[in-house]
Amino acid sequence: MTIRVLIVDDYPIVRAGLRMSLGRDADIEIVAEASNGAEALELAQALRPDIILMDWLLPDIDGLSATTMLHRAVPESKLIILTSMLDGSSIASAIRAGATGYLLKDDQIDELHTAVRAAACGQAYLSPLASSCLLRELQEPEGPEPLTERETDVLRLLIQGRSNKEIACALHLAENTIKTHVRHIIAKFHVPNRTRVIIAATQAKSGPRGVKIPS
């Protein structure tokens, strides 16, 4: 399967670098480039790319408005924010607006390739720095059920975009045990899947009651 990508950034040299890097992968095709939000909307509606890779700081529209606009216009396209902005408020706003990924421009290039493939599979992906910053944004929870300490550990890794197998390896637990923890977390957030856990936590700026999610 070929992953079709639209690049949105106002700096030509950044777009050229992204095109060169992603273009080396046989399963990724750069279908177009846009230098601002208006161009991005027009191209996204015409081309319906799988992935929209977009800067948070565009010359004609702010990142929140651009993300909201694109998510509403082409909901089937997955939005990944690639920016120099590292603050919990921006990350939370991006996820609330419909982004499924958030990366920093000084992240390793492997992070970008991983994020594109994760988004193409319908998975959320935040770089480690972005996920840590988002976790710091989360406040004292008010939900009806608390997370256990282990569920909190699993949630932290979920926000990083880790698979069940990767979480099991990181926490030295069986994969079936991780699956059980994930089911419990999903139930406590009252959402249908793991991707919505991140969005629900961000919208509430909290986890379930009685648990402060550590950074």
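Let me begin by describing the structure that accompanies this report. One numbering rule holds for all chains: residues counted from 1, following each sequence as written. For a predicted model such as this one, the threshold for reporting local features is a pLDDT of at least 70, and the threshold for listing and counting side-chain atom pairs is 80 or more; totals across whole chains, interfaces and linings nevertheless cover every residue. Side-chain metrics in this entry use all non-hydrogen atoms of the structure; hydrogen atoms and water are not considered.

### Here we look at empty space enclosed by the protein
Stage number 1. A 1.4 Å probe that fits into a set of points on a 1 Å grid over the protein atoms alone but cannot get out defines a cavity; an open set with protein on both sides within 12 Å along at least five of seven lines defines a pocket, and lining residues are those with an atom within 4 Å of a point. Grid points are joined across faces, edges and corners, and a volume is the space filled by probe spheres set on the points. Evaluation of the coordinates by the stated rule reveals one cavity of 30 Å³ or more.
Stage number 2. In this structure, the largest cavity occupies an estimated 40 Å³ of space.
Stage number 3. Considering each element in turn, the lining of the largest cavity owes the most residues, three residues, to helix 10 (residues 194–204). By definition, any uninterrupted DSSP run of H or I lasting at least four residues is a helix, any uninterrupted run of E lasting at least two residues is a strand, and each is numbered from the N terminus.

### Points about helix 4 (residues 88–97)
Stage number 1. Here's how the labels work: a residue is buried when its accessible area is under 20% of the maximum for its type, exposed when over 50%, partly exposed in between, all with a 1.4 Å probe on protein chains only. Of all 10 residues making up helix 4, eight are buried, and the element is well covered by its neighbours.
Stage number 2. When helix 4 is considered as a whole, its buried residues turn out to be Gly-88, Ser-90, Ile-91, Ala-92, Ser-93, Ala-94, Ile-95 and Ala-97.
Stage number 3. Of the residues that open helix 4, the one with a side-chain oxygen 3.2 Å from the backbone nitrogen of Ser-89 is Asp-87.
Stage number 4. Where helix 4 ends, the next residue or the one after it, Gly-98, has phi of about 125°, a positive value. Residues adjacent in sequence count toward polar contacts only when both atoms are side-chain atoms; beyond that, a polar contact is any pair of N or O atoms within 3.5 Å, and within protein one must be able to donate a hydrogen and the other to accept it.

### Comments concerning the packing of helix 1 (residues 12–23) against helix 5 (residues 109–120)
Stage number 1. Packing of helix 1 against helix 5 brings their axes to within 11 Å, and their N-to-C directions diverge by 70°. Relative to helix 5, the element helix 1 is oriented roughly perpendicular. From helix 1, Leu-18, Ser-21 and Leu-22 reach across to helix 5, where they touch Ile-109, Leu-112, His-113 and Val-116.
Stage number 2. Under this grouping Gly is polar, as are all residues other than the nonpolar Ala, Val, Leu, Ile, Met, Phe, Trp, Tyr, Cys and Pro and the charged Asp, Glu, Lys and Arg. In the contact of helix 1 with helix 5, the residues fall into five nonpolar, two polar and no charged. Only the contacting stretch of a helix is used when fitting its axis, a line to C-alpha atoms as for every element, and angles between N-to-C directions run 0 to 180 degrees. Here is the rule for angles: anything less than 35 degrees is roughly parallel, anything more than 145 is roughly antiparallel, 65 through 115 is roughly perpendicular, and the remaining ranges are oblique. The criterion used for residue contact is that any of the two residues' heavy atoms lie within 4.5 Å.

### Things to note about unusual backbone geometry
Stage number 1. A positive phi angle, near 50°, is found at Arg-48, a position not held by glycine.
Stage number 2. The partly exposed category is assigned to Arg-48, whose relative accessible area is 37%.
Stage number 3. Phi is positive for His-172, which is not a glycine, with a value near 60°.
Stage number 4. Mapping His-172 onto the fold places it in the loop between helix 8 (164–171) and helix 9 (175–189).

### Observations concerning the environment of Pro-146
Stage number 1. Along the chain, Pro-146 turns up in the loop between helix 6 (128–137) and helix 7 (149–159).
Stage number 2. Judged by relative accessible area, which is 43%, Pro-146 ranks as partly exposed.
Stage number 3. Counting along the chain gives 43 residues from Pro-146 to Phe-189, while the straight-line C-alpha distance between them is 9.9 Å.

### As for the pattern of salt bridges
Stage number 1. A pairing counts as a salt bridge when a side-chain nitrogen of Lys or Arg comes within 4 Å of a carboxyl oxygen of Asp or Glu. Inspection of the entire model under this criterion finds nine salt bridges.
Stage number 2. A salt bridge links Glu-151 to Lys-188; the shortest N-O distance between them is 2.7 Å. In this pair, Glu-151 sits in helix 7 while Lys-188 sits in helix 9, placing the two residues 37 residues apart along the sequence. In terms of burial, Glu-151 and Lys-188 fall into one category: buried.
Stage number 3. Through salt bridges with shared partners, a single ionic network connects Asp-9, Asp-55 and Lys-105.

### What to know about the pairing of strand 3 (residues 51–54)
Stage number 1. Burial along strand 3 is two-sided: Ile-51 and Leu-53 facing one way and Ile-52 and Met-54 facing the other are all buried.
Stage number 2. Summarising the sheet, strand 1 (residues 3–8) and strand 3 pair through four bridges and their orientation is parallel. Directly across from Val-5, in strand 3, lies its bridge partner Ile-51.
Stage number 3. When DSSP finds two or more bridges between two strands, those strands count as paired. In terms of strand pairing, strand 3 meets strand 4 (residues 78–83) through four bridges, oriented parallel. Following the sheet pairing, Ile-51 is matched in strand 4 by Lys-78.

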